[in-house]
Amino acid sequence: MADSEAALKRFLLSNEVKELAPSDEIFRVNAEEHRKLVQGAPWSRDPTYFKYARISATALIKMLMHAKSGAKHEIMGIIRGRILPNTMVVTDSFALPVEGTETRVNAQAQANEYMCTYHEDSRRVGRQDNVIGWYHSHPGYGCWLSGIDVTTQTTHQQYEDPYLAVVVDHVRTISAGRVELGAFRTYPQGYKPADEPPSQYQPIPLNKIEDFGVHCRQYYALEVSYFRSSLDSHLLNRLWSRYWVSTLSSNTLFSQSDYLLSQSRDLADKLEQAEAGMGRQSALMDALDSDDRVAKLARDTGRLVTEELSALSGLLIKDLLFNRPGAKP
Amino acid sequence: MEVDASTTSGTAAASASDSLSAGSPGHMAPQGVQPSVNAALHPLVLLTISDHWTRCRLQFGHNRVLGALLGKQEGRLVEICNCFELAPYFSPANPQTADIDTIDAGFFQTRLAQYREVYPSLTVVGWYYCCDLPEEVTDTEAALHKQVCDLVMSDSPLMPVLLRLLPSSAATTAESLPVRLFESVLELVNGSPKCLFIPLPYSLATEEAERIGVDHVSRDMSGSGGTKVAEALAVQRSAVRALYSRLGLLLSYLRDVSAGRLPPCHAILRDLRRLADQLPVCGGEDFYRSFYRQCNDVQLTALLGTLIQATNTVHQLIGRTALLQDRRRRRVPSGYN
């Protein structure tokens, strides 16, 4: 609370209420610069040209809510924005009425008419940004690109570059208490990245681990950051002054119980698999490989335990606050 | 929140009786009329409207920011879930300038059909508008409202709700959201049907994913760092701090009353008493038994996790030892171990 109050005071002092705050500049479309950048097409010469992805608050919440409304189904949609040097800026997203990209490569062909009409109409209400990518959800199994996703994205990058693939996982978001979102671009065919970029480790369920492993070298992740306008900031501060109640009252252990249970079961399967692999001759040498099954199992378990403990700490805090009046902690 | 609503409706009704717009009667319902529905608002709607407003200011210059609200209505509860922008009408006779007082009906229908494809359970429950007057409904708004009614009434039986965002007061109002909701009723005034507006109290609808997203974006500027556990605890800590500051406020009020600096308000004192009586919130053997069982379950998982980590460490140790042994054997081929 203190830092939001300080920020508000600073804002009032600098008296930029009527003027455009610097943080709003990103919303301004500079057609000239954009055209020059697009014509130059520096990404065709350097496959890792785009290193950063900046996503607006509105686009993030829209994607999360769309993913949530799809529940266990994978949903997909289009993202719009523009490019800046080395950065892809996502300003908006909209949903497509198709389900599930895990079995079809060009699910988007079905929604082409929807997309065109929506996009054309949007120009009239001031959305002048172009289509710059697509997003889809992986409910419960992490933010990465599967084989089908890689194929789809490579096709897009061939014909419609600059293009960005965003994956959002709303189940893991709720469970972990932080936003699980990844922005990816694929390498062109045959390109070998110069050095191994450090990747964010995340546990993958057993039935998807094959798919992940085969394709994980074919794309790279962009560094994601979020931005918001000055009005957004104020609204968000006000929202927080009402939301803290639900933060305290949320009970993740209860609401996410089936997700946590499925994770535990998955870990049990991995443990059995690791045990079966122990009998092999080369098992001892494998221990030094950081991709070893047991090491991965240890990391996955660590993650699940962290999530459960954070959820429990919430419950303990509530118990201390509300059930023991007068107790000194 | 009840305190908010009563003051809002009180001042609104009072200002309705002395209307500011020259000559025409006010559009507010007479004093004492209670709204018939309760509204729940999703933060996504607020963020989308603010995004629309920022873009309109940057690109168009005019301030006519309006759009349609989508949501669900169940009985007396209206839940506003999503929204989309509406375009002003470009007449074929004059395609360059927009007639900003008319809403483009074709655009509305197409967009509505598109949103229906993706979110089949949502219907149009109202419309939004950005303007800075706090309490009244102006003539422009009333005219636009009539157009919205015509567009929407064929679709659903309920009267649309007006949501107004006050962009400039966002920076100055201390605590409450710069949003006003009005419910409209059709009444006979001087023999002709007219829409009158009643201020509507609202609450924030909470949805886990939305809350985490909002939380993440509002804190992201301060930079991220530290472990996952630290982040989760930091969120809890800021929530507890908010609770603490609220309690501090109540405590200072009580101190002032008991010292005689403020006149006591019995309604507030009764509420405070009720709050204090509610502690402890949960108790009893059953609660604690299941609570401790849940704690034990989580700690069991933690124990298993630690065991697996230890196993992994031993596994790596054995591997390294085997490697060393192997190397030593190769270096001393005569067989020393």
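Residues numbered from 1 in each chain as written. Chains lettered and ligands numbered in written order. Predicted model: local features only at pLDDT ≥ 70, side-chain atom pairs only at ≥ 80, totals over all residues. Heavy atoms only, no water.

By the naming in an unreviewed UniProt entry, chain B goes by COP9 signalosome complex subunit 6 and is assigned to Macrostomum lignano. The record held by UniProt for chain B lists under Function (unreviewed entry) the comment "Component of the COP9 signalosome complex (CSN), a complex involved in various cellular and developmental processes." (UniProt positions renumbered as here; feature names shortened; annotations may be inferred.)

Going by an unreviewed UniProt entry, chain A carries the name MPN domain-containing protein and comes from Macrostomum lignano.

The next point concerns the overall build of chain B. Helices and strands together make up the secondary structure of chain B, namely 8 helices and 10 strands. The buried share of chain B, reckoned over its 337 residues, is 42%. Accessible surface, chain B as shown: approximately 18000 Å² in total, 58% of it carbon and sulfur. (Helix = DSSP H or I, 4+ residues; strand = E, 2+ residues; numbered from the N terminus. Buried < 20%, exposed > 50% of the residue type's maximum accessible area, 1.4 Å probe, protein only. Areas by Shrake-Rupley, 256 points an atom, 1.4 Å probe, with all protein chains shown as cover.)

What follows concerns the packing of helix α3 (residues 57-70) of chain A against helix α2 (residues 43-59) of chain B. In helix packing, the relevant descriptors are the interaxial angle and the interaxial distance, both defined with respect to the helix axes. Orientation of α3 of chain A relative to α2 of chain B, taken along the N-to-C sense of each, is 145°, at an axis distance of 9 Å. The way α3 of chain A lies across α2 of chain B gives a crossing that is left-handed. Judged by residue contacts, Ala-57, Thr-58, Ile-61, Lys-62 and Met-65 of chain A of α3 of chain A engage Leu-44, Leu-47, Thr-48 and Asp-51 of chain B from α2 of chain B. Per-class residue counts for the contact of α3 of chain A with α2 of chain B are 5 nonpolar, 2 polar and 2 charged. (Axes fitted to C-alpha atoms, helices over the stretch in contact; angles between N-to-C directions. Left-handed = near helix turned anticlockwise from the far one by under 90°. Contact = heavy atoms within 4.5 Å. Nonpolar A, V, L, I, M, F, W, Y, C, P; charged D, E, K, R; others polar.)

The next thing to look at is empty space enclosed by the protein. Considering all chains together, one arrives at 9 cavities of 30 Å³ or more under this definition. By volume, the largest cavity amounts to about 380 Å³. Elements with a contribution of two residues or more to the lining of the largest cavity: α7 (170-176), α9 (230-249) and α13 (293-323) of chain A together with α5 (208-220) and α6 (228-259) of chain B. With 8 residues, the top contributor of residues to the lining of the largest cavity is α13 of chain A. (1 Å grid on protein atoms, 1.4 Å probe; cavity = no way out; pocket = protein on both sides within 12 Å on 5 of 7 lines; lining within 4 Å. Points joined across faces, edges and corners; volume = space filled by probe spheres on them.)

Moving on to the nonpolar core. For soluble globular proteins, the rule of thumb is that nonpolar side chains tend to be buried together. Grouped together as the largest cluster of nonpolar side chains are 122 residues, with contacts concentrated most on Leu-96 and Leu-181 of chain A together with Phe-108, Val-179 and Leu-181 of chain B. Apart from residues lying up to four places away in sequence, Leu-181 of chain A is in contact with Ile-55, Leu-60, Met-63, Cys-143, Val-166, Val-167, Val-168, Val-224 and Tyr-226 of chain A. Core analysis: the second largest hydrophobic core is formed by 16 residues, Val-171, Leu-260, Ala-298 and Leu-315 of chain A among them. (Core = buried A, V, L, I, M, F, W, Y, C linked by side-chain atoms within 4.5 Å.)

Take the domain arrangement of chain A next. Residue and element names in this part refer to chain A. Each domain of chain A was delimited in the assignment, giving domain 1 (25-228) and domain 2 (250-323). Contacts between the two partners involve 14 residues from domain 1, matched on the other side by 14 residues from domain 2. Summed over both partners, the interface of domain 1 with domain 2 comes to about 1300 Å²; 51% of that surface belongs to carbon and sulfur atoms. Across the contact surface, domain 1 and domain 2 share 1 salt bridge. (Domains from an automatic or database assignment. Buried area = accessible area lost by both parts, 1.4 Å probe. Salt bridge = Lys/Arg side-chain N within 4 Å of Asp/Glu carboxyl O.)

Turning our attention to the packing of α13 of chain A against helix α8 (residues 284-331) of chain B. Packing of α13 of chain A against α8 of chain B brings their axes to within 9 Å, and their N-to-C directions diverge by 155°. By the angle between their directions, the pair α13 of chain A and α8 of chain B is classed as roughly antiparallel. Both α13 of chain A and α8 of chain B take part in a crossing whose hand is left-handed. Tallied by class, the residues present in the contact of α13 of chain A with α8 of chain B amount to 17 nonpolar, 10 polar and 2 charged. (Parallel < 35°, antiparallel > 145°, perpendicular 65-115°, else oblique.)

Turning to the sheet that holds strand β8 (residues 179-189) of chain B, a few remarks are in order. Where strands meet in a sheet, backbone hydrogen bonds hold them as pairs that are either parallel or antiparallel. Residue and element names in this part refer to chain B. If you walk across this open sheet you meet the 8 strands as β9-β8-β7-β6-β2-β3-β1-β10, and the pairing is mixed. Looking at the sheet topology across the chains shown, the edges are occupied by β9 (192-200) and β10 (202-204). Within the sheet, the average angular offset between the axes of one strand and its neighbour, ignoring direction, is 35°. Sheet analysis places strand β2 (residues 66-74) next to strand β6 (residues 123-130), joined by 6 bridges and oriented antiparallel. Paired with Gly-67 across the bridge in β6 is Tyr-128. Lying on the sheet, α2 is in contact with β1 (38-41), β2, β3 (77-85), β6, β7 (161-165) and β8; it crosses β3 at an angle near 30°. (Pairing = 2+ DSSP bridges.)

Before going further, it helps to examine the interface of chain A and chain B. Taken together, the contact pairs 94 residues of chain A with 100 residues of chain B. Across the chain A to chain B interface the summed buried area is about 9400 Å²; carbon plus sulfur atoms make up 67%. Here chain A and chain B share 6 residue pairs in polar contact (both at pLDDT 80 or more) between them. Here the side of chain A that touches chain B gets 23 residues from one element, more than from any other, and that element is α13 of chain A. Per-class residue counts for the side of chain A that touches chain B are 52 nonpolar, 23 polar and 19 charged. (Polar contact = N/O pair within 3.5 Å; in protein donor to acceptor, adjacent residues only side chain to side chain.)

A few words now on the packing of aromatic side chains. In total, this model carries 16 aromatic pairs over all chains according to the counting rule given. A ring pair is formed by Tyr-141 of chain A and Trp-144 of chain A, whose centres lie 6.1 Å apart and whose planes are at 65°; its orientation type is edge-to-face. Across this residue pair, the class does not change: Tyr-141 of chain A and Trp-144 of chain A are buried. Ring plane angle 75° and centroid distance 5.2 Å describe the contact between Phe-184 of chain A and Tyr-219 of chain A, whose orientation is recorded as edge-to-face. Highlighted residues: Phe-184 of chain A in strand β6 (residues 181-186) and Tyr-219 of chain A in strand β7 (residues 219-227), separated in sequence by 35 residues. Overall, the relative accessible area of 9% leaves Tyr-219 of chain A in the buried class. Grouped by ring-pair contacts, the aromatic residues Phe-94, Tyr-114 and Tyr-118 of chain A together with Phe-84, Phe-108, Tyr-115 and Tyr-119 of chain B constitute a single cluster. Cation over ring: Lys-208 of chain A sits above Tyr-141 of chain A, and NZ or CZ is 4.2 Å from the ring centre. (Phe/Tyr/Trp six-rings, centres within 6.5 Å; stacked < 30°, edge-to-face > 60°. Lys NZ or Arg CZ within 6 Å of the ring centre and 35° of its normal.)

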